[in-house]
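Coordinate analysis (summary)
For reference, the chains in residue letters:
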Amino acid sequence: MLVLVINCGSSSVKYNLIDTSDERNLCKGLVERIGAVTSIVKHEPEGQRHTKSTRTIANHSEALQEIMSYLLDPDNQIIESPSDIKAVGHRVVHGGEMFKDSVLIDDDVTKAIEQAFDLAPLHNPPNLRGIQAAQKNLPDIPHVAVFDTAFHHSLPNKAFLYGIPNRLYRRYKIRKYGFHGTSHYFVSRQYYKETGEKAQDTKVITCHLGNGASIAAVDGGKSVDTSMGFTPLSGLVMGTRSGDIDPSILFYLIEKEELTLANVHALLNRHSGLLGVSGYASDMRDLIEEADNGDRRCQQAIDLFCYKIKQYIGSYIATMNGCDAIIFTAGIGENAPLIRQESLAGMDYLGIEVDEEKNTNAERGTVQKISTDSSKTDVYVIPTNEELVIAIDTAKIAQAADQSPWV
Ligand code: ADP
């Protein structure tokens, strides 16, 4: 089944056109800077010339029109008719407590996504705008929402409750939700597939290290804890997000620097993390290069990043009373041997040993085992593919809807 996967940010639309029968990605692309005078449009058809151009794209609906007209352009030979696309899968960041699984989007689902605006003010509103824009452009096919939070629905109470008055959980649903669920799900499944291990007998720790970064403890195939929380701000140090900090720092700063709520929000989400600590960049490639050139603050940022990863891994080994495999994925996890090495250095007490040569030479874009033969815990690099998870879930739900007498 041909599925269009859509991931909308406040000023961007990413898309992938995936054939779920052979899991091929026929075309992917990105419309960026929507609403600015010059928007950037990139299309990357499989096995054909990639294009990048600029034009004015006023809103998400126009972005969808641009994507559809590219896919339908006879010169590009991707699809012949809109009806070739059988369903659209939408990445939705926050499903709140309501959505344990992906769902067919109807009016009730749309309302529930809207109700979760408060929980994810940066993500859910543009996600919904993307859904509405795609429904307008492709009105006659099923649209499915796939939630970043869904995989973490299995967290037990003790992992998702915060140490604050319980009425705040009951009234406002303040609890840990966790994010990057499709990625943690995908790489753990790839690990079972690769090794033949049975999900129910296996304990793995999945490290999704991109601009946003999170770690999950996956026991018996289910997420039992994860580093992001009520929002994607907590946990590891990230590109521009602080990760965990003592909340009292905020009271102190609000007084000292007379910060407003908006200032605090920007400080922790956009000016902290690797960028804030290094004072130089949020991009790991830049930091590694400058640290190599002797920049002390870039080195500190890298050290802090790796230290937090190590701490979470240690705590999740305790959570699960063991760990069969640690998996690295996403931009940094897949491409930065230095970060993998540093994060797991000095963990021989727990029996974790990275093979330096295998780690350094790990071929990109493929599943690679990078631990020594004597390591008690295996260490893997597994490329993530969140879009494929969304496409497969969407195809399943669209097929079921097609066969249901009620739809
Ligand atoms: P996003 O969360 O935006 O999807 P990605 O998963 O694409 O992020 O990861 C982006 C991060 O991956 C950036 O910090 C980038 O520097 C890092 N990265 C990509 N390639 C490399 C590399 N070869 N070495 C080190 N870091 C890399």
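Before reading further, recall that the structure is shown in the block above.
Now for a quick tour of the structure. (Residues numbered from 1 in each chain as written. Predicted model: local features only at pLDDT ≥ 70, side-chain atom pairs only at ≥ 80, totals over all residues. Heavy atoms only, no water.)

1. Brief notes about the site of the ligand
Around the ligand lies a shell formed by Gly210, Asn211, Gly212, Asp283, Met284, Arg285, Ala330, Gly331, Ile332, Asn335, Ala336 and Arg364. Measuring from an oxygen atom of the ligand, one finds a side-chain N or O atom of Asn211 at 2.9 Å. A distance of 2.4 Å separates an oxygen atom of the ligand from a polar atom in the side chain of Asp283. The fraction of the free accessible surface of the ligand (580 Å²) that becomes covered by protein chains is 71%. (Near = heavy atom within 4 Å. Polar contact = N/O pair within 3.5 Å; in protein donor to acceptor, adjacent residues only side chain to side chain. Areas by Shrake-Rupley, 256 points an atom, 1.4 Å probe, with all protein chains shown as cover.)

2. Here's the deal with the nonpolar core
Nonpolar side chains tend to gather and get buried jointly when the protein is soluble and globular. Grouped together as the largest cluster of nonpolar side chains are 46 residues, with contacts concentrated most on Ile205, Leu209, Ile215, Ile313, Ile326, Ile339 and Leu344. If you list the elements that add at least two residues to this core, you get strand 9 (203-209), strand 10 (213-219), helix 10 (284-292), helix 11 (296-320), strand 12 (325-329), helix 13 (337-344) and strand 14 (378-381). Among the elements that line this core, the one with the most residues is helix 11, at 11 residues. Once residues lying within four places of it in the same chain are set aside, the contact partners of Ile339 are Leu209, Met284, Ile302, Phe305, Cys306, Ile309 and Ile332. (Core = buried A, V, L, I, M, F, W, Y, C linked by side-chain atoms within 4.5 Å. Buried < 20%, exposed > 50% of the residue type's maximum accessible area, 1.4 Å probe, protein only. Helix = DSSP H or I, 4+ residues; strand = E, 2+ residues; numbered from the N terminus. Contact = heavy atoms within 4.5 Å.)

3. What to know about the sheet that holds strand 7 (residues 103-104)
Spatial strand order, 5-4-3-2-1-6-8-7: 8 strands in an open sheet with mixed pairing. Looking at which strands have only one partner, the edges of the open sheet turn out to be strand 5 (51-55) and strand 7. Relative to strand 4 (residues 39-45), strand 3 (residues 24-32) runs antiparallel, the two being bridged by 6 bridges. Bridge pairing links Gly29 to His43 in strand 4. Packed onto the sheet, helix 3 (residues 124-137) meets strand 1 (2-8), strand 6 (87-92) and strand 8 (143-147) and runs at close to 170 degrees relative to strand 6. (Pairing = 2+ DSSP bridges. Axes fitted to C-alpha atoms, helices over the stretch in contact; angles between N-to-C directions.)

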